[in-house]
Amino acid sequence: MRNRKIFLISFLYFILSITIHAQESPSSITNILNEWIDAFNKRDLQKSLSIYSEDFIGYYPDQPDQSYKTIKEQYKHLLANKNLSIKLAVKIEEIEMSGNLAFVRMILTATIKPAFATEATTAHDKGIQIWQKNQDGEWKLIRASTFPV
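Residues numbered from 1 in each chain as written. Predicted model: local features only at pLDDT ≥ 70, side-chain atom pairs only at ≥ 80, totals over all residues. Heavy atoms only, no water.

Caption draft 1: Looking closely at the overall build of the chain. Counting its secondary structure elements, the chain contains four helices and six strands. For the chain, the sequential pattern of α-helices and β-strands runs α-α-α-β-β-α-β-β-β-β. A burial count over the chain gives 28% of its 149 residues as buried. In the chain, of all internal contacts separated by at least 6 residues, the share reaching a separation of at least 24 is 52%. For the chain, the exposed surface amounts to about 10100 Å²; the carbon and sulfur share of it is 56%. (Helix = DSSP H or I, 4+ residues; strand = E, 2+ residues; numbered from the N terminus. Buried < 20%, exposed > 50% of the residue type's maximum accessible area, 1.4 Å probe, protein only. Contact = heavy atoms within 4.5 Å. Areas by Shrake-Rupley, 256 points an atom, 1.4 Å probe, with all protein chains shown as cover.)

Caption draft 2: Representation of the nonpolar core in the model. Counting residues in each nonpolar core, the largest one holds 28 residues, and the members touching the most others are I29, W36, Y52, Y75, L88 and W131. For this core, the elements supplying multiple residues, two or more each, are helix 2 (26-41), helix 3 (45-49), strand 1 (52-59), helix 4 (68-80), strand 3 (84-98), strand 4 (101-114) and strand 6 (139-148). Look past the residues within four positions of W131 in its chain and what remains in contact with it is I29, I32, L33, I51, N100, L101, A102, V104, W139, K140, L141 and I142. (Core = buried A, V, L, I, M, F, W, Y, C linked by side-chain atoms within 4.5 Å.)

Caption draft 3: Structural context of the side chain of D125. Following the sequence through the fold, D125 ends up in strand 5 (residues 121-133). K126 is the oppositely charged side chain nearest to the buried, salt-bridge-free D125, at an N-O distance of 12 Å. A polar contact of 2.9 Å, which involves the side chain of D125, links it to the side chain of Y60. With residues up to four places along the chain from it excluded, the contact list for D125 reads Y60, M106, I107, L108, T146, F147, P148 and V149. (Lys, Arg positive; Asp, Glu negative; His and termini not counted. Salt bridge = Lys/Arg side-chain N within 4 Å of Asp/Glu carboxyl O. Polar contact = N/O pair within 3.5 Å; in protein donor to acceptor, adjacent residues only side chain to side chain.)

Caption draft 4: Molecular detail of helix 2. Taking 1.5 Å of rise per residue, 16 residues should cover 22 Å, and helix 2 covers 23 Å from first to last C-alpha, within 8% of that figure. Along helix 2, the residues that are buried comprise S28, I29, I32, L33, W36, I37, A39, F40 and N41. (Expected span 1.5 Å × (residues − 1).)

Caption draft 5: Focus on the sheet that holds strand 1. With mixed pairing, the six strands of this open sheet are ordered in space as 2-1-6-5-4-3. Two strands bound the open sheet, and with one partner strand each, they are strand 2 (66-67) and strand 3. (Pairing = 2+ DSSP bridges.)

Caption draft 6: Seen up close, the environment of L49. The residue L49 is located in helix 3 in this model. Classification of L49 by relative accessible area gives buried; the value is 2%. C-alpha separation for the pair L49 and K72, spaced 23 residues apart in sequence, amounts to 6.8 Å. The residues contacting L49, other than those within four sequence positions of it, are Y68, I71, K72 and Y75.

Caption draft 7: Structural detail: the pairing of strand 6. Across four bridges, the pairing between strand 1 and strand 6 is parallel. In the sheet register, Y59 faces strand 6, and the bridge partner there is S145.

Below you can see the structure in the form of structure tokens.
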């Protein structure tokens, strides 16, 4: 009888540990966003683009919809410009995850300073991002809507 109890307790502990490890934590997306900010600020084009899905669609008021292709071209142009300093920072307000989808509410701050300017300009954008886990288990940004605040 004692061996059965030990087995049952061990089995339940095993099942519980598998369940806990199988659940995603919002920190996984937080880490991806922090790595993206770091890569962008270091002007690492490839790592900066790595968060975007190939079928990404982004919306910003009074601008054409963004795609992976347009983001890539924009990043190439911005990150190659040695006369322009751009630093990003993100404040995550909320992350909700369910299955292979997640959304993030955030505030993105861009500090921009052309080499000839005496002071930097700061822009704050508030937005919602939709993330999807692909078949490889990687989270990718698939949709975003951002507005200036």
